[in-house]
Structures are given as C-alpha cells and as structure tokens.
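What follows is the residue order along each chain.
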Amino acid sequence: MKHEIKVNINGQLRELTVLSHQTLLEVIREDLGLTGAKYGCSTGECGACSVLMNGEVVNSCMVLAPEADGATIITVEGLSDDEELHPLQKSFIDHHGVQCGYCAPGMLISAKALLNRTSRPHEEEIREALVGNLCRCGAYADIIKSIQVASRARR
Amino acid sequence: MKPFQYIRPESLEEAGAYLASERSVKLLGGGNTLLLQLKSGEESPDILLDIKHLPGFKDVRYHHNQGLKLGAAVNLQHLVMGLEIRRHYPLLHQTAQKLASPQIRNRATIGGTLAWASPVSELAAPMLCYDAVCHTWSPRGRREIPLAEFYLGDFKTALADDEIITHVHLPAFPNRTYGVYLRQTVRHDGRRMIAAAAVLAYRKQQALTHWRVAVLGVDNRPKRIPEAEAVLEGTPGEDDVQQALHIVQENIHPEDTDYARADYRRVALNALVRQGVMQVIQQLQSMRS
Amino acid sequence: MVTRKTHIIGKPFPLVEAQKKLTGVSCYAGDEPFGPELLHARILFSERGHARFRLLHVDAARKQEGVVALITGQELRARLGAVIEDREMLAAEEVLYAGQPLAVVAAESPEAAMAALSTIEVVYEDLPGVYDLEDALAADAPLVHPNMASYRGFEQLNPQPERNLAHRIAFQRGDVDKALSEAAFVLERTYSAAPLQHAPLETHGGVAQLGEQGELTLWLHVQAPFLQRQVIARALKMPPHNLRIVTQCVGGSFGSKVAVSVEGLLAAIAREAGGRPVRLHLTREEEFRAVFMTPAMRARVTMGMDENGRITAIRAVYDWNVGASVDPFIVEMQRIALAGTGPYAIPNADIQVNAVYTHLLPAAPMRGLSIAQVHWAVEQHVDELAEMAARSPLGLRQQNLVKGGDQLFPEFVMHANGLESCILETSRAIGWDPAQQRIQTGTTARGKGVAMGWSPIIVFPHCKSRATIQCDGENLCTVIVDGVDVGQGYYAFITQLIAFELNFPMEWITVLPTDTDKYEPDWQAIHHNLLWSTGRALLQATAELKRQILSYVSEIWEEPVTNLDIVDGEVISYATRRRLSVLKLLQEGTGEDSPPVFRATGVYEAPDREGGLGSLLQSFATTGYAAEVVVNLETGDLSVLQLAGAADVGHAINPEGVKAQLKGGIIQSISQTLLEEMRFENGVPVTIDFMSYPIATTADMPQQIHPIVVEIPQSTGPYGARDLSDHVLVGASAAIGNAVYRATGVRIRELPITAQRIYDALQSQAAKVER
C-alpha cells in the first residue's frame, strides 16, 4: 500500500511516495540515494543504520517508512556542510575513530545525539550512548576519545 | 514483509472499529518486537494501527498525591531523562538506564514494552515494584489491570485481542522509598539474561516498611514473590533474609537454555536477591541515622 | 631543511580513507549505484547437514514474474578451491553442510528473487552426519569426502582419507619421549576453543556484470581479489584475464573475505543475466548460516620441565574442525605448526596439526585467532607448570623464552625480539605484584594473569607483491597495489611510505582501489605479511620514480643528477639552489615539451627456498598480555578490569595506528574469550543473529586498556618495521584465563570463559575438597 509522506531530510523538505512495508532505511538508501546509513543486521542490534528522527537516535531499519511522515531526519550526510567537516568527523579522523569504517556513520549519529544533550560528557556517558552501536574492529576506545575531543571543540 | 495497510487512527473509537472488523490487526508501538515478527513472517496482519498519535498517549503527569500517569506511547527514554521519574521513581530510572540501547529506548513505548510479556522483560521488574496498573480501552469499555495480574505466563497477558493499553498509573510512594535493580547477563549491555531482581522497600510515616521483590529470567513470566515480601516486612534480620531467599527459590521455575542451566539461574538469582535486599537494608539504615 | 628522522615515519597519521567513510560516500557492498538495470540475486541454502536431495518446481520458479536467470547444481558443475577443490559451488545431488548453496536466482527485485526461491521445494533424504571432532575421527565414522583422491589439488594434501583427516602438518626435533621420561615435572592437559564467526559488520556481497566481449567484471568487497579471480575463473572454466575484480571499501573481513564464498555464485548468475548488472548482498542471517565459521580447536599438550626450571619437551596435538572443506583453512596450518610450541626455546618438540572434516560450514581462518587459541592452551599450560614447580609465572617465561640467535629450525635463526619487553611492560602496566596476585573481598576476588605469544610471518616461495606508482598532472600521484585495506591501516602505510621516500606532501598521494586488470594473475602476498611485501615493492618503485624525476630535471637544468634532491615536493639543486615544484612540472611541464608522466613498478618476489617447514619463516611477531579480572566466587560472574597488550612492531611507522590496532585487538579478544560461541543442532547453526551471537559492545570494555608499543627493529623490514594487524590478538585469552585462575583457584580450559563454567569448576573443586 502506498503512502505520500513529507519528510525533512537533512534540512530539505521532501515529498515521497513510500510503501507501507518499506523501512526508513530502505527509503533513505534506495529512494534518497543516501548510502551513509548501513545495512548491518536488520534486527535493530548493530546500530549501523542509526539516524536522528525528530532529534532522537533510532535504528532506521526498525522504523516503517510511513511512520516517518512529518518527521525531521538527519543522516550522516547532514552533519557537514559543503565547506567543512563537522568537529566530530574531524575528530574521528584525527584520533583513529575509523578502522574499516562501516560503523562510523552510526557512531557519528549516536555521538551527535549525545552532544546535543550533554556538552561535556564523561567517558561513562559516552559508553552508554554508544552501547547500541557495534564495532567489530573493536575501535571503541578511539571512538570514545574522538567524541571526547570533539566535545571540547564545539562550534 | 508481506504488505499491509498502515493506519494512524485519530481516536480510540476508530482504532476499535478496525479491531472489531474481520481483518487481522496488530498494534504498532515502538515496533521493536513487531518489526522483527513482520520481517520473519511470524506475523502478517492486514492492518497495522499506529497508536503513538492517539490523544493523551504521550501524556506524562505526576502529582505527589496521585502518583504518575504514563501514556502508553511514552518512550522508554523518557524514563531515563524525565525529571519526575528520577525524583520520584528512581528504581524505574535506574532500570531504564540499563535497558537495551538509546536507539531501542527512543522507540520502545511503555504500553508496547509491557505488553510483550517476555520472562526477561526488564521494564516489568521496577513497574511491578511500584504497583503499576495498566489502564485499557476496548470497544466494551475501560478497565484497570494491576501489573501483578497482567502476566499470565508464556508470553500471554490479560489483554483481550481488541484491548489497547491507554496509560499506566503508578501510585505515589513515600519519600522513604529505596530500590535497586540488579542483573546477571552474558553481555554487559543486558543481552542473554541469566537472572535479574528488583528489590524495593518503602516506609510511610511511623508505619512498617513494606517490601517488593520482582524477579526475571527464572519463570515463564516476570513476577513478584509476595510470600518473600511478607517475610521481609519491617526491618529484616539475617534469618528473615535467609528465609525470604528460601521462599524465592521455592516460588520460581527456571528452565534450561543453551547459555544457562536452570540450576545455575537459581544460583545467580539467589545472589542477586540477597545483594539487592542487603543494599536496600543499608539504604534504609543510613537514612534512619 | 627537513630531516628524515623527524618528518613522517613514526609520526601519527590519520587514515586516508577515513573522510570518505565518515561522510557516507558510497563504497561498500550494497552501496553500488547501478540504476534501474540492476538485478538482485538471492541464494537457496541447504537446511540439512548431510543429505541427498532433489529440487522440485525449478522450472516453475524460473518462469516466475521478474526472474531473469536461475541456476542449480544440475546446470552448473563447478568446484571451488585455491589449493584443493573440495567444495562444490552448487550442490548437485548431496549436501555436505547446512548452508551449502543449492540454487541461485537473479530477478528484478529482491522480493521477486525470494518468491522464486520459495517456489522451489527441496526434498531431503537425511544421511548420517558427523559434526564434532570425536564423531568425525571415530573408527566407523561416515566419511565426509569419500572421493577426496579425485579432487584437483589432492596431491598437495597429507591426509588420512579413511579417517576424515583432511590434512596434517607435523614437525619434530630432538627426542620428546626421552626428555619427558627424564623430566622432573610433566604436565598433560587438554584445552578447547569453540567455533566462532568472523561477523564483519558489512555482510558479503558485490555486483557482477557480463560485458559485450564475454568479459566478466566483479565489484567485490574482498580482501584477496587476485586469489578470488584465480579460483572463480577456474571454477567457471574461464580464462583469468576474462575476469576482472575491482575492490571497493571493505567493511571488515577478519579473514572471511579471502577464500571465495558466495562471490563465485554471483559471477555465475551474472553470466546468465543478459549483460545486466547483478547485485548480491547477504542478509545478516545468511552471513551467519552460510559463509564461514572458524574451526573448533582441541589441543592436547604435554610439557616436561627439569628441576632448574628449563622446559625441555613439548608434545602438542592441535585438532581443528574445519567443516566440509579444508581449502580455506589449509593456508593457516603451517603457521599453527610453527607457532605450536609457544614462544619458547624448547629443545625437544613434537607438534602435530590436524584438520578434520565434518558436515559443518567450512572454516576459514580469522585474524590472529588460531594462533591465539594455540596460546590459550600453551600459555595456561606454562602457567600451571610454573605453579607445579613453585616458580613465578614471569620468571619461568623469562627463563625459557626464545631469544635472538636461537636456532629452532634448521633453516631459521630467531632474530632479536620483544618478548621480554612485551611481558614486562604489560605486567607493569596492570600493577603486577609477585607477592599478591589474588585479592578477596567477601564473595568477590580479583586476580592478575600474564601471557606472551609469537606469531610466525611466512612467505611462500615465489609469491610476488607489486606496487606501481604513477605521477602525472591530472591525478598527481596514484598508487596501485595488490593488497586491500580492510581497516588495518594499509593505505595509510602506503601513503606515508611514498610521502617519506619521495618527500611529497601526503595529500598528493591516492591509493587506487585494487583492480585485478592492472596485474598478471599471480598468487599475491599473504595478508599477514602485507607491510613487509608491499613495503619492499614500494621501496623499489619509489627509488625508481625518484631516479626518473631527478634524471628528467637534471637534463633540463643540465646539471649532474647527484646535485639534485626532492624536498617538500620540490626538486632542488644543492649546487645552484634552483627549485622546481614537482606539481608545476607535472601540470605544466617546462614549456618546451608536454608535461611528463613518471611511472614505476616495484616487485618483491619471495626467494626459492628448499627445506622443511622452517624454510618458510621470514620472522616472528611477538606479543605480551596482562589481565586483571574480578570474579564473583558465588556465581562465577566475571569482568575484565584491565587488559594490557604489547606488540613488538620492529619500528612504529605509525605509532597511533599501531595502538589503534592493539586496542581493537583487545576488544576483539574480550569478545572472543568471554562472549562468542557458535552453536549447532544436527549441523545447523542456531546462532544466527547478534542476539544469539553477541559481540562486544562498549559496555563490555575493560575499565582500563593499555596498548603498548615495543620496538626491536626488524633489519629486513621497511624502516625496520614488522607486520602487526594479523598477530595482535595472540596471548590475550590466555592472560585472562591465567587471571581467572589466580582469582578463583580454578582453571578454565574451554573457550569461551563463561560464568557458568567458572561456577561449575568451583563446585567441582569444593566437592573434591570435601572428599
């Protein structure tokens, strides 16, 4: 069954035709062509598909497309403008927050959600914020460090 | 997923009409359980009713006499962030903080989470301790189901097929209420639960201290152990605690799973309940002096 | 003036590909933008471990709406194998493992593909299956491969076909029986490790397309494109030059994207798709069910020690459950044998490494894991031996560890190594106190443990590694290599090396995705040896490139080339002080001729070496680990409080990168030691998602992680460096096991270490004490 939905995606208002049984992840990747959010598990366990929906981090593979009608969505592509990388992205580069990189977009989104709430999070708060993002390379220590450094260098 | 019709009903009556129709209907809250069932094909309803936008379903209201009203569509993250939760229902806050992940909590609803009657449902433990009551609506009218009577075992609840949880009510508890939630799991984020216990004690002015003990992972549903609570009433001594632990063991029916045997779950639970009771006793005593 | 010492090598440097990955630029499996022509492939997998089977309604499936092509084992007889072809690409009459492909379809949408496959009915006739080592090796066990001798490559094996023993490697030195009979202390124990899954976050997948001239292009996310091309081409009876593999970003491999898994089927179905591109991207469940596992290990170890604390003898038999194919795992077995004594100079040794066939998913090696599991056994064994003889765990290791100059194999003399530094620094980092290793408070106890390890770096004779660098005005400096960056910092290393050798800014250098069309189809450098082999090739290429550039400018300036050098991206003359920006030279030329293009290829070819096992050895990576755990003595519940890991990398070209690898290895070790275990029922995996197969989250991190870089230069490596990433896990699980022993008094010899196992061991011990 088709739905016409209105979504604000990375600051742009879009009107989309979606199917009731599509997930938000499929819409983002296939219909909007934004490949940052990743397919990792489809069961809401790995966080590789994380996006901000109305300011909250969610697994987009576990959101049905029509649920997003009226929502504001931010994906990793919306973090930086054309000019400059977001401080989080810069920090992940500088502090080895990226190994194979597959978890990185999800990690950035979870980090952004955290920093929106808490400007100088402790290490424990960062660990808690990232518990839903799996990194098989095991880069957690450097990811946490990247976020800590970025939090001190906010715009 | 087999295609279905996604509907956002604007009133309970509208929702009721769909529920009463010939077509198969499932209620969509946070979707953490339902989407898995849809993807695996375990469920293939004709209609999905998204209850998150029903009037009042996102209400949160606290009053120091009347207690807390949580709309069925309030998400679990609110239990972590809400000031009234932290202040007046700290055991709920403490448990919610450990639950799953931010991604899951931002979507999971109170109603949907409680209605998924898993024996390891972590939300149920503090809710049972706080004497939560589920308020429901069906085409036949409204009713109240105390959470202690809500879980029938083996994933069944007291809800009828056409009944919707509208909100959950927690009575007001006195200032002197102390609780702790402890769990043993394989992974430290909570996955693969072996056992868990929520222990709470509260004392109104000059009255006896009353206890609540809720356990997970050791029976076919989350449950309280009222006989153990009775033994703990007041300020329990060492013998009382031992007796309470013994009663807990007699009232649970754990099963073997691939990662934890039934006898081992008993051992784990015993340690958790004992630790929980001791911690609460300590809190009670330190507030007294 | 820039000096070599300070400029680039040894300084922290960010990963080159990082920016792309952090901004969501498409490059992984499933990202490929191929437009509406793209078809979707799905595979039908066997649901039984061992059975004869028939497929029904296949023609009906073919005719379903949206289906473009469908192949079963009846139409395609193809065998896969780099060494031995013991796998069928599609089962034809008999399935040998649950997860074996039975059919592959390409359709207009994933839904149409699934609908077609669900039309097919599989009729199974179950056959007796063997799933574990005991059953497979039993006298009357059904044979997994009764016709092994007919497989291409069989002559490369050392099997016992009548016993499901696919391959055996062994070596002996001295006289173990005599040494054991004379030893003051003898200890015999059995250890085991459960099968695991690689579980990369990016599942297997890619796109394939048949071109107009019959050439097949595969865009794959694999670690070994040249190997895959060779194996797939042979399986599909195509000339290798007709098969082109272009790699993209790899979202983790850990060894699962080396041997061909579903990539062959993607190629096969693309050949039938009328020239349209076909995408395959496995679901997570398919990834768990149908790719690879890591082999379960059983290790039977006997060691002898004299009164003076000298370990005089070791006999170790390592049995590996490799599932229904030995081909992916066979390349690891020599390394296991070479590592099998542990990092000790033991004069009498008898090491046997056996690969056993069962009716399970084929096993592929995982980053450092099998050698780490060998050390799970050996390092707990040495710890127990130390206690038997009332010697300190550190002291006994220091006394017996292998030193530079020790000759353990006829063809190999051990080089100076960092074992002692690794173990001393890690134990110091966690506050190791010889007097007090166990601290008990009420029902909890804390304990510390140490372990060390070595991991052989081998090079097969004649294997080649190539690197080509081209400098031109349009793309500046582009590099083609035959290895792939899977997150281990390979591209960063390449960029650093070239920038350093040519004195170019790092921003000028781009490593291109590996494309098999650029090179001859040779067997390429082994992945655990990339730094060494690519490094050697690059040093050649940069030397030649520099020679070309300086020679070109020396002609223009009419100066001897010995006057010239490159500094900060400029050619300068020490004699006349003239400067010429290389960028300007490449983009504008000198006004007279068109701008030059410089291009150089370096090749490293491993020498021919006659001799036994030891002749393959190039060097050993060495590691040390120290752990502190806290255990609830009532329930066995445990947490790792601290984990320190040290590796001797010769010379740290990228010290922060090395630490990042160490930290990653520490987390993977925690995950593999405490959380992970693949489980089967009648040969069918029941661990099929991240709920049933949990991998470590941030909540499982130790409170403190100590990554320590040790540098004992490797004289033959580029800048004295040695490879790290494949070796980094070795010793961690044993350090944790030793710490658990110290905290609880019980030793767990099976991986994973679980609370229930510790509880059971404590109960057994208490029962023994009572009697």
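Residues numbered from 1 in each chain as written. Chains lettered and ligands numbered in written order. Predicted model: local features only at pLDDT ≥ 70, side-chain atom pairs only at ≥ 80, totals over all residues.

Visitor: Please clarify how the sheet that holds strand β29 (residues 617-632) of chain C should be interpreted in this entry.
Guide: In a beta sheet, neighbouring strands pair by backbone hydrogen bonds and run either parallel or antiparallel. All names here are of chain C. If you walk across this open sheet you meet the five strands as β20-β21-β29-β30-β33, and the pairing is mixed. A single partner strand is all that each edge strand has here, and the edge strands are β20 (438-441) and β33 (704-710). Taken pair by pair, the neighbouring strands of this sheet meet at an average axis angle of 20 degrees, ignoring direction. Both β20 and strand β21 (residues 444-458) contribute to a ladder of four bridges, which runs antiparallel. The partner of Arg 438 across the bridge, within β21, is Gly 447. The strands touched by helix α10 (residues 327-339) are β21 and β29; relative to β21, the strand with the most contacts, the crossing angle is about 120 degrees. (Pairing = 2+ DSSP bridges. Helix = DSSP H or I, 4+ residues; strand = E, 2+ residues; numbered from the N terminus. Axes fitted to C-alpha atoms, helices over the stretch in contact; angles between N-to-C directions. Contact = placed C-beta atoms within 7 Å.)

Visitor: I'm lost on the interface of chain C and chain A in this one. Help?
Guide: Accessible area lost when the parts come together is the quantity often used to give the size of an interface. Listed by partner, the interface residues are 43 residues for chain C and 41 residues for chain A. Elements with a minimum of two residues in the side of chain C that touches chain A: α2 (18-22) and α17 (655-675) of chain C. Take the side of chain C that touches chain A: its biggest share by element is nine residues, from α17(C). Across the side of chain C that touches chain A, the residue classes break down as 20 nonpolar, 15 polar and eight charged. (Nonpolar A, V, L, I, M, F, W, Y, C, P; charged D, E, K, R; others polar.)

Visitor: Whenever I open this one, the domain arrangement of chain C confuses me. Can you help?
Guide: Residues and elements named next belong to chain C. Assigned domains within chain C: domain 1 (4-24 + 462-605), domain 2 (37-127 + 204-281) and domain 3 (296-460 + 611-770). Between the C-alpha centres of domain 2 and domain 3 there is a distance of 37 Å. The partner domain 3 presents 19 residues to the 18 residues of domain 2 that form the contact. For the side of domain 2 that touches domain 3, the residue count by class is nine nonpolar, six polar and three charged. (Domains from an automatic or database assignment.)

Visitor: Even after reading the chapter, I still don't get the environment of C:Leu137, so can you show me in this structure?
Guide: Residues and elements named next belong to chain C. You can see Leu 137 is positioned in helix α5 (residues 133-137). The sequence separation of Leu 137 and Thr 358 amounts to 221 residues, and the corresponding C-alpha distance is 9.3 Å. If near-sequence neighbours (up to four positions away) are discounted, Leu 137 is found in contact with Arg 163, Asn 164 and Val 356.

Visitor: Quick question: what am I supposed to make of the domain arrangement of chain B here?
Guide: The domains assigned to chain B are domain 1 (5-53), domain 2 (60-170) and domain 3 (177-288). Placing a centre on the C-alpha atoms of domain 1 of chain B and another on those of domain 3 of chain B gives a separation of 36 Å.

Visitor: Is there a simple way to explain the sheet that holds strand β12 (residues 193-203) of chain B in this structure?
Guide: Residues and elements named next belong to chain B. With respect to topology, four strands assemble into an open sheet ordered β11-β12-β13-β14, the strand pairing being antiparallel. Two strands lie at the open edges of the sheet, namely β11 (177-185) and β14 (223-224), each paired on one side alone. In terms of strand pairing, β12 meets strand β13 (residues 209-216) through eight bridges, oriented antiparallel. Along β13, the bridge assignment pairs Ala 201 with Trp 211.

Visitor: Is there a simple way to explain the interface of chain A and chain B in this structure?
Guide: Taken together, the 24 residues of chain A in the interface contact 19 residues of chain B. Those elements that provide at least two residues to the side of chain A that touches chain B are β4 (56-59) and α3 (104-117) of chain A. Across the side of chain A that touches chain B, the residue classes tally to eleven nonpolar, eleven polar and two charged.

Visitor: Help me out: how do you make sense of the pairing of strand β14 (residues 278-281) of chain C in this one?
Guide: For a regular strand, side-chain orientation follows a simple rule: the groups alternate between the two sheet faces. Residues and elements named next belong to chain C. Residues Val 278 and Leu 280 of β14 are buried on one face, and the alternating residues Arg 279 and His 281, pointing to the opposite face, are buried as well. Bridging between strand β1 (residues 39-45) and β14 involves two bridges; their strand directions are parallel. Residue pairing across strands places Leu 39 opposite Val 278, the latter belonging to β14. Relative to β14, strand β11 (residues 205-210) runs antiparallel, the two sharing four bridges. Of the residues in β14, the one forming a bridge with Val 207 is Arg 279. (Buried ≥ 20, exposed ≤ 12 C-beta atoms within 10 Å, placed from the backbone.)

Visitor: Please clarify how helix α7 (residues 225-235) of chain C should be interpreted in this entry.
Guide: Residue pairs three or four apart in sequence face the same way in an α-helix, which turns once every 3.6 residues. All names here are of chain C. For α7, the buried fraction is high: ten of the eleven residues fall into the buried class. All buried positions along α7 are accounted for by Pro 225, Phe 226, Leu 227, Gln 228, Arg 229, Gln 230, Val 231, Ile 232, Ala 233 and Ala 235. The inward-facing, buried residues of α7 abut β4 (79-80), β12 (216-220), β13 (243-247) and α8 (263-270). Phi for Lys 237, located one or two positions after α7, is positive at around 55 degrees.

Visitor: Could you clarify how one ought to interpret unusual backbone geometry in this entry?
Guide: Trans is the prevailing form of peptide bonds, just as negative phi is the prevailing case for residues other than glycine. Residues and elements named next belong to chain C. In this structure, Pro 752 follows Leu 751 across a cis peptide bond, with omega equal to -5 degrees. Structurally, Pro 752 can be placed in the loop between β34 (750-751) and α19 (755-770). The backbone phi angle of Arg 577 is positive, close to 65 degrees, even though this residue is not glycine. By secondary structure assignment, the location of Arg 577 is in the loop between β26 (570-573) and β27 (579-581). Residue classification places Arg 577 among the exposed residues on the basis of 7 C-beta atoms within 10 Å. A positive phi angle, close to 50 degrees, is found at Asn 682, a residue other than glycine. Mapped onto the elements of the fold, Asn 682 is located in the loop between β31 (680-681) and β32 (684-685). A count of 13 C-beta atoms within 10 Å places Asn 682 in the partly exposed class.

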